[in-house]
Every structure is written in C-alpha cells, then in structure tokens.
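# Topology and contacts: notes
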Amino acid sequence: MFRIESVYDHACLYAMTKAMRKTVRRKRSRISHVLGWLLIVVVTLQWLPILFGSRYANGTDWVSLIVIVIMAFVVWREDHLNARISEKRMMPTQKQAVTTFNEDGYVCVTESATTEWNFSTGHIAAICDMGDYLVFVLNKTYVQGYDKRTLSGGSIEEFYRFLEEKTGITVKKI
C-alpha cells in the first residue's frame, strides 16, 4: 500500500497543466502555438518599415503591438497562467489531499470529500512524471497531481511498477 500527501499549490498545479498540455491536449496546443507565433511574426514584420523610418506608426500599429506583446506573453507563460487561474478557482477545502493506493484502486481524501477510484475502470488516460510531481491525466479537462516527495510505502520505482501493472499505462517522463 502506497500513500501520498499532496498540497495543491502553484508548483503542483503548474505540473498538472503542463502534463495535460503535453498529453491529451498536445495536437490542439501545437496548432494554437504555431498560429500564435505566426501572427506574432507577421505583426513584427509589419513594424520593420516603422523601425527603419519608412513610415510612421499610427494608432492601429500601436494597438497591434500591444496585443502582440500580450499574446507572446500568454503563449510563453501558458502553463503558469493556467495554474494561477486554477488556484483562484479551487475551493480552500481541496488544497490538501491524502491519497492511498491499494490493489484495487486508490482513495483520495480532502477536507471536503472522499473519492474512490478503481484501476479496472480505465479512467486514466496518461501518467506523467513531472519532476517532483506525478500527474494522472484523466481526460482533456481533469487531472490529478501527487507530490512524489511525500511517497510512503515503497520506493518511487516500486510505485511506478505498481501503477504500470495495475493500469497498463507506462509512466511518461515530461
């Protein structure tokens, strides 16, 4: 039996959002990043005549520059921004969780609820090793994060073998 105590702080939520983006949202994320950076390049190219003195900037040029700077920041810091939004939306009673893994599944206990999950239901789409965190990606909307540093009941390698045996999913290092 393995046990993990997790605190859903910014670092954990960041790992969760990044794992989701790199697995089940991978195709959509790539498309949006390519389109975002392409738009940034196009607007930047439109500023070249202004920078070289061929013409003067007007109001729409300045607005487009501000929008592109904001867009570049959002594309660059997407996972951190999503983690911040998640922090704001999370109920205070869900910020800490104790999860116990056994042969049949796992039980997650927070201040507000206790949830039981069976490995046999096949609800886990991906399992990701995100540095200090282990993330279960359930679908395009839901993830579960676990702080590996608080693992008790065995080593991390034993825990990974246990999860791979029970779920049939290989742990991906991201």
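Please read these numbers as outputs of a predicted model, since none were measured by experiment.

## Focus on a positive patch on the surface
Together, Lys-22, Arg-26, Arg-30 and Lys-172 make up a positively charged patch on the protein surface. Residue position: Lys-22 is located in helix α1 (residues 10-22).

## What about the sheet that holds strand β2 (residues 96-101)?
Within the open sheet, the 4 strands sit side by side as β1-β2-β3-β4. Their pairing is antiparallel. What marks the edges here is a single partner per strand, and that holds for β1 (2-7) and β4 (114-118). Across the sheet, the mean angle separating the axes of adjacent strands is 15 degrees when strand polarity is ignored. Taken together, the 6 bridges between β1 and β2 define a ladder with antiparallel strand orientation. Its bridge partner lying in β2, Glu-5 is registered against Val-98.

## Overview of the sheet that holds strand β6 (residues 133-137)
Ordered by their spatial adjacency, 4 strands build an open sheet running β7-β6-β5-β8, and the pairing between neighbours is mixed. Looking at which strands have only one partner, the edges of the open sheet turn out to be β7 (143-147) and β8 (171-173). Here the average twist between neighbouring strands, direction ignored, is 25 degrees. Relative to the sheet, α1 contacts β5 (126-130), β6 and β7, its axis offset from that of β6 by approximately 45 degrees. With respect to the sheet, helix α6 (residues 156-167) is in contact with β5, β6 and β8, its orientation differing from that of β6 by roughly 10 degrees.

## A look at the pairing of β7
The buried fraction of β7 amounts to 5 of the 5 residues, a majority that puts the element mostly inside the structure. Here β7 shows a buried face lined by Val-143, Gly-145 and Asp-147 and a second buried face lined by Gln-144 and Tyr-146. Relative to β7, β6 runs antiparallel, the two being bridged by 5 bridges. Bridging from a neighbouring strand, Val-135 pairs with Gly-145 of β7.

## Some points on the pattern of salt bridges
By the definition in use, this model includes 9 salt bridges. Between Glu-103 and Lys-166 there is a salt bridge, and its shortest N-O distance comes to 2.6 Å. Residue Glu-103 is located in the loop between β2 and β3 (105-109), and its partner Lys-166 is located in helix α6; the two are separated by 63 residues in the primary sequence. The exposure class of Glu-103 is exposed, given its relative accessible area of 52%. Here Lys-166 falls in the partly exposed class, since its relative accessible area comes to 24%. Taking the shortest distance from any N to any O, the salt bridge between Asp-132 and Arg-149 comes out at 3.3 Å. Of this pair, Asp-132 sits in the loop between β5 and β6 while Arg-149 sits in the loop between β7 and α6, placing them 17 residues apart in sequence. Asp-132 sits in the partly exposed class, given a relative accessible area of 37%. What makes Arg-149 exposed here is its relative accessible area of 52%.

## A look at the packing of aromatic side chains
Enumeration over the complete set of coordinates arrives at 14 aromatic pairs. For the ring pair Phe-136 and Tyr-146, a centre distance of 5.1 Å and an interplane angle of 65 degrees mean the geometry is edge-to-face. Here Phe-136, found in strand β6, pairs with Tyr-146, found in strand β7; they are 10 residues apart in sequence, far enough to count as distant. Each member of the pair, Phe-136 as well as Tyr-146, is classed as buried. Note that Arg-77 overlies the ring of Trp-76, its terminal NZ or CZ placed 5.1 Å from the centroid.

Parameters at a glance
Residues numbered from 1 in each chain as written. Predicted model: local features only at pLDDT ≥ 70, side-chain atom pairs only at ≥ 80, totals over all residues. Heavy atoms only, no water. Patch = residues over 30% accessible without salt bridge, like charges linked within 9 Å, V, L, I, M, F, W, Y side chains within 5 Å. Areas by Shrake-Rupley, 256 points an atom, 1.4 Å probe, with all protein chains shown as cover. Salt bridge = Lys/Arg side-chain N within 4 Å of Asp/Glu carboxyl O. Lys, Arg positive; Asp, Glu negative; His and termini not counted. Charge placed at Lys NZ, Arg CZ, Asp CG, Glu CD. Helix = DSSP H or I, 4+ residues; strand = E, 2+ residues; numbered from the N terminus. Pairing = 2+ DSSP bridges. Axes fitted to C-alpha atoms, helices over the stretch in contact; angles between N-to-C directions. Contact = heavy atoms within 4.5 Å. Buried < 20%, exposed > 50% of the residue type's maximum accessible area, 1.4 Å probe, protein only. Phe/Tyr/Trp six-rings, centres within 6.5 Å; stacked < 30°, edge-to-face > 60°. Lys NZ or Arg CZ within 6 Å of the ring centre and 35° of its normal.

That's the geometry; what it means functionally is another story.
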